[in-house]
Amino acid sequence: AAPQQIAPSDLTLNSGGNEVGRGVAVRVFGDAGYGVQDILTLDASGSMSGGPLNAVRRSIARFVSEARPQDQVEVLSFANETHIDVPFGASKDALSKDLQQLRSRGTETHLFDGLLDAIGQFKATPLCRRLTVISDGHDEGSKHTLDDVIHQAAAAHVSIDSVGLTRSHPEYLRVMAQLAQATGGRYAQAKSPDDLEGLVSQEIAFLKTAPVVTFSLTDLPEDGKVHELDLEWHPENLHASVDVMTPSENLLRQSK
């Protein structure tokens, strides 16, 4: 389903219980010209060999082929250890070549450790941050927990989109659903490796139609610093914490 339609005036930014900004315009992400920083995080444990891993390669290739110049993509895989298979900044040609080197490995699936490693890879940037993980949700041997991942994702303002691939017991997919629900991401289930490509395309299409709201700000100091504000959507009484960087007075004078 497409994102719910919103009226800009239904959204406010608040600081210390006082309104400091209100939405004045809305457009879709695909028309806004903004980039997205996305880390594709893949389960590369031994049970992914064969069809599942081949489908993952094709899915990533499709994702990258639809990336725009302003988008940044990194590919990270996890098993017993975490590997950065394709770093941010790699060309599409280099990424395609590196993907062919991606192999299943190891005997365990350190899902939670791998996700924390991925969150730590995000750079300081005004770009939208999203993490896409493909796994069956069965963690084996991680030093960290699901709650650790959710807490760190919230602290870093990272949304996790999860694709659950049924390879063992279906109950593990609940973990994948929890990751998405708790971080503001989307969850989808791939019933077979062939479903992966279609689901990745759906995620790209969903992001392009996500709403982007322009706010008019008042009563915030022009100090060039990051301010943590409370975003409120009034019809649903929903709240979220957002970081807003205001321009400095020096920068404003130079632009005049």
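Data block above holds the structure.
Since the model is a prediction, treat every value here as computed from it, not as a measurement.

Draft legend 1. Quick peek at the overall build of the protein chain. Helices and strands together make up the secondary structure of the protein chain, namely 8 helices and 11 strands. The buried share among the 256 residues of the protein chain stands at 42%. Restricting the contact set of the protein chain to residue pairs at least 6 apart, pairs at least 24 apart contribute 75%. For the protein chain, the exposed surface amounts to about 13,100 Å²; the carbon and sulfur share of it is 50%.

Draft legend 2. Expanded view of the pattern of salt bridges. Enumeration according to the criterion identifies 2 salt bridges in this entry. The salt bridge partner of Arg22 is Glu19, with a shortest N-O separation of 2.9 Å. A salt bridge links Asp161 to Arg130, with the shortest nitrogen-to-oxygen separation between them at 2.8 Å. Linking Asp161 in strand β7 (residues 159–165) with Arg130 in strand β6 (residues 128–135), this pair joins segments that are 31 residues apart in sequence.

Draft legend 3. Highlighting helix α4 (residues 111–119). In terms of burial, α4 is a largely internal element, 8 of the 9 residues being buried. Considered for burial, the residues of α4 that qualify are Leu111, Phe112, Asp113, Gly114, Leu115, Leu116, Ala118 and Ile119. Along its buried surface, α4 packs onto β3 (36–43), β4 (72–78), β5 (82–86), β6, α5 (146–155) and α6 (173–183).

Draft legend 4. Quick look at the pairing of strand β2 (residues 18–28). Inspection of the sheet shows strand β1 (residues 11–15) paired to β2 by 4 bridges, in the antiparallel sense. Within the sheet, the bridge partner assigned to Leu13 lies in β2 and is Gly21. The turn linking β1 back onto β2 is made up of 2 residues, and Gly16 within it adopts a positive phi angle of 60°. Judged from the 7 bridges that link them, β2 and strand β9 (residues 211–217) form a sheet pairing that is antiparallel. Pairing of Arg22 across the sheet is with Ser216, part of β9.

Draft legend 5. Representation of the sheet that holds strand β11 (residues 238–245). Within the open sheet, the 5 strands sit side by side as β9-β2-β1-β10-β11. Their pairing is antiparallel. A single partner strand is all that each edge strand has here, and the edge strands are β9 and β11. Strand-to-strand twist across the sheet, computed as the mean angle between neighbouring axes with direction ignored, equals 35°. One ladder, built from 8 bridges, connects strand β10 (residues 226–233) with β11; its direction is antiparallel. Note that in β11 the partner of Glu228 across the bridge is Asp243.

Draft legend 6. Representation of the sheet that holds strand β8 (residues 187–190) in the model. The strand order across the open sheet built from 6 strands is β5-β4-β3-β6-β7-β8, with neighbouring strands paired in mixed fashion. For this open sheet the edge positions go to β5 and β8, each flanked by a neighbour on one side alone. For this sheet, the mean angle separating the axes of adjacent strands, direction not counted, is 20°. Bridge count between β4 and β5: 4 bridges; the pairing is antiparallel. Counted as the bridge partner of Phe78 is Thr82 from β5.

The rules behind each value
Residue numbering note: each chain is counted from 1, following its sequence as written. Note on the predicted model: pLDDT of at least 70 is required for a residue's local features to be given, and 80 or more for side-chain atom pairs to be given and counted; whole-chain, interface and lining totals, by contrast, use all residues. Only hydrogens and water are set aside when side-chain values are computed; all heavy atoms of the structure are taken into account. Numbering of helices and strands starts at the N terminus; helices are DSSP runs of H or I of at least 4 residues and strands are runs of E of at least 2. Summary of the burial criterion: residues with accessible area below 20% of their type's maximum are buried, those above 50% are exposed, and those between are partly exposed, where the area comes from a 1.4 Å probe applied to protein chains only. Contacts were defined at the residue level, with two residues in contact if any of their heavy atoms lie within 4.5 Å. Every accessible area reported is derived by Shrake-Rupley at a probe size of 1.4 Å, with residue values counting cover from the shown protein chains alone. By convention in these notes, a salt bridge is any Lys or Arg side-chain nitrogen within 4 Å of a carboxyl oxygen on Asp or Glu. Whether two strands pair depends on DSSP finding at least two bridges between them. Orientation is described by lines fitted to C-alpha atoms, with helices fitted over the stretch in contact, and by angles between N-to-C directions that extend from 0 to 180 degrees.

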